[in-house]
Amino acid sequence: MNSIIFKDRRDAGKKLARELAEYKLSESIIFAIPRGGVIVGAEIAQKLELDLDLIIPRKIGAPFNPEVAVGAVAQDGTVIFAKELLERLGLTKDDFQEQIKNEIKEINRRMELYRNNNSYPDYNLKNIILVDDGIATGYTVFAAIAYIKKDLTLIKLYWRYP
């Protein structure tokens, strides 16, 4: 998949589904990261006839500018930080404890709103296809992967290729 240009998120999902169709994905689940990843993931799930679920990591922004990502957190408190960036900014993980707590509350609120609950069904032995609409720093994706890897009720064979 070299240099594919996407018209929009739906188009991206359709093209990605075509690329994924060659794999045997019947025992798979699409995990989409809201908001934009849901549109991409929904197209993939529909085309490949797979279930779609959400995972909702949240960015941790720098104190001086919340748009500058210094890390991300998953709903269980799994935190990924840009250690070198924290060092350059003279910050520590402890500086973000309140923000982390608030982001976890927001994740749980969105889980209830979007999914009607905060827990997942048993996705044991499922292949996980993690989808977002783009990756800027990668911290939300890294936090989602760390959470998925930790929660063995979600998956046991995360690194297995079809």
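Our subject is the structure listed above.
In this text the structure is predicted, and so the values were computed from the model without any measurement.

**A look at the environment of glutamate 27**
For step 1, the next point in the chain: Within the fold, glutamate 27 resides in the loop between helix H1 (9–20) and strand S1 (28–32).
For step 2, the next point in the chain: Taking the C-alpha atoms as reference points, glutamate 27 and phenylalanine 81, 54 residues apart in sequence, are found 32 Å from one another.
For step 3, the next point in the chain: Those residues in contact with glutamate 27 that lie beyond four places of it in its chain are Leu125, Lys126 and Asn127.

**Looking at the pattern of salt bridges**
For step 1, the next point in the chain: Counted by the stated rule, this structure contains ten salt bridges.
For step 2, the next point in the chain: Between glutamate 67 and lysine 59 there is a salt bridge, with its nearest N and O atoms 3.3 Å apart.
For step 3, the next point in the chain: Residue glutamate 67 is classed as exposed on the basis of its relative accessible area, which comes to 62%.
For step 4, the next point in the chain: Overall, the relative accessible area of 31% leaves lysine 59 in the partly exposed class.
For step 5, the next point in the chain: Note that lysine 150 and aspartate 76 form a salt bridge whose closest N and O atoms lie 3.3 Å from each other. Remark: aspartate 76 occurs in the loop between strand S4 (65–73) and strand S5 (79–81) and lysine 150 occurs in helix H5 (residues 139–150); sequence separation between them is 74 residues.
For step 6, the next point in the chain: It is possible to trace a salt-bridge network through shared partners that takes in Glu106, Arg109 and Arg110.

**Observations regarding the packing of H1 against helix H2 (residues 36–48)**
The geometry of a pair of packed helices is captured by two quantities: the angle between their axes and the separation between those axes.
For step 1, the next point in the chain: Closest axis-to-axis distance for the H1/H2 pair is 8 Å, and the angle between their directions is 40 degrees. The pairing of H1 with H2 is recorded here as oblique in orientation. Considering only the axes of H1 and H2, their crossing is right-handed. Each of Arg9, Arg10, Ala12, Gly13, Lys14, Leu16, Ala17 and Leu20 in H1 lies in contact with H2, whose residues at this interface are Gly36, Ile39, Val40, Glu43, Ile44, Lys47 and Leu48.
For step 2, the next point in the chain: Taken together, the residues that form the contact of H1 with H2 break down as eight nonpolar, two polar and five charged.

**Concerning the sheet that holds strand S2 (residues 51–54)**
For step 1, the next point in the chain: Strand order in the open sheet made by the three strands is S2-S1-S6, with parallel pairing throughout. On the outer flanks of this sheet lie S2 and strand S6 (127–131), each paired with one strand and no other. Neighbouring strand axes in the sheet, compared pairwise and without regard to direction, differ in orientation by 30 degrees on average.
For step 2, the next point in the chain: Of the strand pairs in this sheet, S1 and S6 are connected by five bridges, and their pairing is parallel. Directly across from isoleucine 29, in S6, lies its bridge partner isoleucine 128.

The rules behind the values
Think of each chain on its own: its residues are numbered from 1, step by step along the sequence as written. Owing to the predicted nature of the model, reporting of local features is limited to residues with pLDDT of at least 70; listing and counting of side-chain atom pairs is limited to 80 or more, with chain, interface and lining totals taken over all residues. The basis for every side-chain value is the complete set of heavy atoms in the structure, and neither hydrogens nor water enter the calculation. Each helix corresponds to a stretch of at least 4 residues labelled H or I by DSSP, and each strand to a stretch of at least 2 residues labelled E; elements are numbered beginning at the N terminus. In this analysis, two residues are considered to be in contact whenever any of their non-hydrogen atoms come within 4.5 Å of each other. Criterion for a salt bridge: a side-chain nitrogen of Lys or Arg within 4 Å of a carboxyl oxygen of Asp or Glu. The classification of residues rests on relative accessible area computed with a 1.4 Å probe and restricted to protein chains. Under 20% of the type maximum is buried, over 50% is exposed, and intermediate values are partly exposed. Note on geometry: axes are C-alpha line fits, over the in-contact stretch for helices, and angles between N-to-C directions span 0 to 180 degrees. Reported orientations rely on four angle classes, namely roughly parallel under 35 degrees, roughly antiparallel over 145, roughly perpendicular from 65 to 115, and oblique for the rest. Two helices that cross are described as forming a left-handed crossing if the nearer one is turned anticlockwise from the farther one by less than a right angle, and a right-handed crossing if clockwise. Ten residues, namely Ala, Val, Leu, Ile, Met, Phe, Trp, Tyr, Cys and Pro, are considered nonpolar, four, namely Asp, Glu, Lys and Arg, are considered charged, and the remaining ones, Gly among them, are considered polar. Strands qualify as paired when DSSP identifies two bridges or more between them.

Function cannot be read off these values alone, since they describe shape.
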